[in-house]
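Structural features, examined
In case you want the letters, here they are:
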Amino acid sequence: MDWTAMTEDERQRALAVWIAADGRVEKFLELLGQLHDPTVGAAAFALGAELWSPAHASYHNVVREKVEVAGPWFVQGRVPGSPRLGVVGSRAVDHEGVRVCKAIVREVAAAGVAIVSGGALGIDTVAHSEALIVGGQTVSVLPSAFDRLTPARNAKMFSRIAQTGALVSEYPPGVTAHRFHFHRRNEIIAALSDAVLVV
């Protein structure tokens, strides 16, 4: 693979695949082959996703300055402009946590603040759902590829988010969630948010 002969788009895709492979050369070559396969490569972008990197114009419109999580990211939908509030918390949330999260998210989302969260069960799902209920916009940062949605039971919610807000992922099609991905996901949530609420 000749890096100097690649187009900027090809370089961005290769970088995204390297991140998805977690630095493992064998996995990188496997995923890169899939991305350039006529059928798998077409499926990768048939989902309507854009590939953002620091060179992408939209990137600088939504990412806070001096952010260390520098993409590239796959983006499906439209990331709302500021203000954006990140909401994170426990998967095993109690009733009081749900009540507090619902009250805050409903108020700020109805006021035009976009909600950014991770799509997980618990607080993430509450935050996304409440934003959608009041007609607000929300962004879900995924720990997996768009075709390996995690958790799968939130697939309908993810579909609604993509229609009115955006799904964001570091990973090309075929990549499932791994433990390391959740930490990276949280960093991206912070990078996309003007403030973060921990419930």
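Residues numbered from 1 in each chain as written. Predicted model: local features only at pLDDT ≥ 70, side-chain atom pairs only at ≥ 80, totals over all residues. Heavy atoms only, no water.

1. A short note on the sheet that holds strand β7 (residues 195-198)
So the rule is basically this: Only strands joined by at least two bridges in the DSSP assignment are considered to pair. Segments assigned H or I by DSSP are reported as helices when at least four residues long, segments assigned E as strands when at least two residues long, and all are numbered from the N terminus. Axis lines are fitted through C-alpha atoms, for helices just across the contact stretch, and the angle between N-to-C directions can take any value from 0 to 180 degrees. A contact between two residues is defined here by any heavy atoms of the two lying within 4.5 Å.
Here we have seven strands laid out as an open sheet, ordered β1-β2-β6-β5-β4-β3-β7, and mixed in their pairing. Both edges of this open sheet fall to β1 (49-52) and β7, since each of them pairs with a single strand only. Neighbour-to-neighbour, the strand axes of the sheet open up by a mean angle of 25°, direction not taken into account. Inspection of the sheet shows β1 paired to strand β2 (residues 73-77) by four bridges, in the antiparallel sense. Paired with Trp52 across the bridge in β2 is Trp73. Contacting β2, β3 (84-88), β4 (114-117), β5 (138-141), β6 (166-169) and β7, helix α8 (residues 179-192) crosses the sheet at an angle of about 150° to β5.

2. Description of the environment of Arg184
Heads up, the condition is: Think of it in three bands: residues with accessible area under 20% of the maximum for their type are buried, residues over 50% are exposed, and the middle band is partly exposed, with areas taken using a 1.4 Å probe on protein chains only. Pairing of N or O atoms within 3.5 Å defines a polar contact, subject to two protein rules: one partner must be a possible hydrogen donor and the other a possible acceptor, and residues neighboring in sequence count only if both atoms are side-chain atoms.
Relative to the helices and strands, Arg184 resides in helix α8. Arg184 sits in the buried class, given a relative accessible area of 18%. Between the C-alpha atom of Arg184 and that of Leu142, which follows or precedes it by 42 residues, the distance is 9.6 Å. Looking at Arg184, its side chain comes within polar contact range of the side chain of Glu170, at 2.4 Å.

3. A closer look at the pattern of salt bridges
Opposite charge on two side chains allows them to pair when their charged atoms are near. What counts is decided by this rule: Note on definitions: salt bridges are taken to be side-chain nitrogens of Lys or Arg within 4 Å of carboxyl oxygens of Asp or Glu.
Using the criterion set out here, one finds five salt bridges in the structure. Residue Glu170 is joined to Arg184 by a salt bridge in which the shortest nitrogen-to-oxygen separation is 2.4 Å. Taken together, the positions of Glu170 in the loop between β6 and α8 and Arg184 in helix α8 put the pair 14 residues apart, joining distant regions of the chain. For the residue pair Glu170 and Arg184, the accessibility class agrees, reading buried in each case. One network of salt bridges, in which partners are shared, links Glu170, Arg184 and Glu187.

4. Digging into the nonpolar core
Condition: Put simply, a nonpolar core is a bunch of buried Ala, Val, Leu, Ile, Met, Phe, Trp, Tyr and Cys residues held in one set by side-chain atoms that sit within 4.5 Å of each other.
Ranked by internal contacts, the top residues of the largest apolar core, which has 16 residues, are Trp73, Val75, Val79, Val139, Val141, Val168 and Leu192. Residue assignment for this core shows that the elements contributing at least two residues are β2, β5, β6 and α8. Take this core: its biggest share by element is four residues, from α8.

5. Notes on the side chain of Arg185
Positionally, Arg185 belongs in helix α8. At 3.4 Å, the side chain of Arg185 forms a polar contact with the backbone oxygen of Gly118.

6. Observations concerning the confidence of the model for the chain
Using the following cut-off: Scored between 0 and 100, pLDDT is the confidence that the predictor attaches to each residue.
Per-residue pLDDT for the chain has a mean of 79; in total, 68% of the residues score no lower than 70. Counting contacts from residues 38-44, a segment whose pLDDT is below 50, to residues more than four positions away or on other chains yields six contacts.

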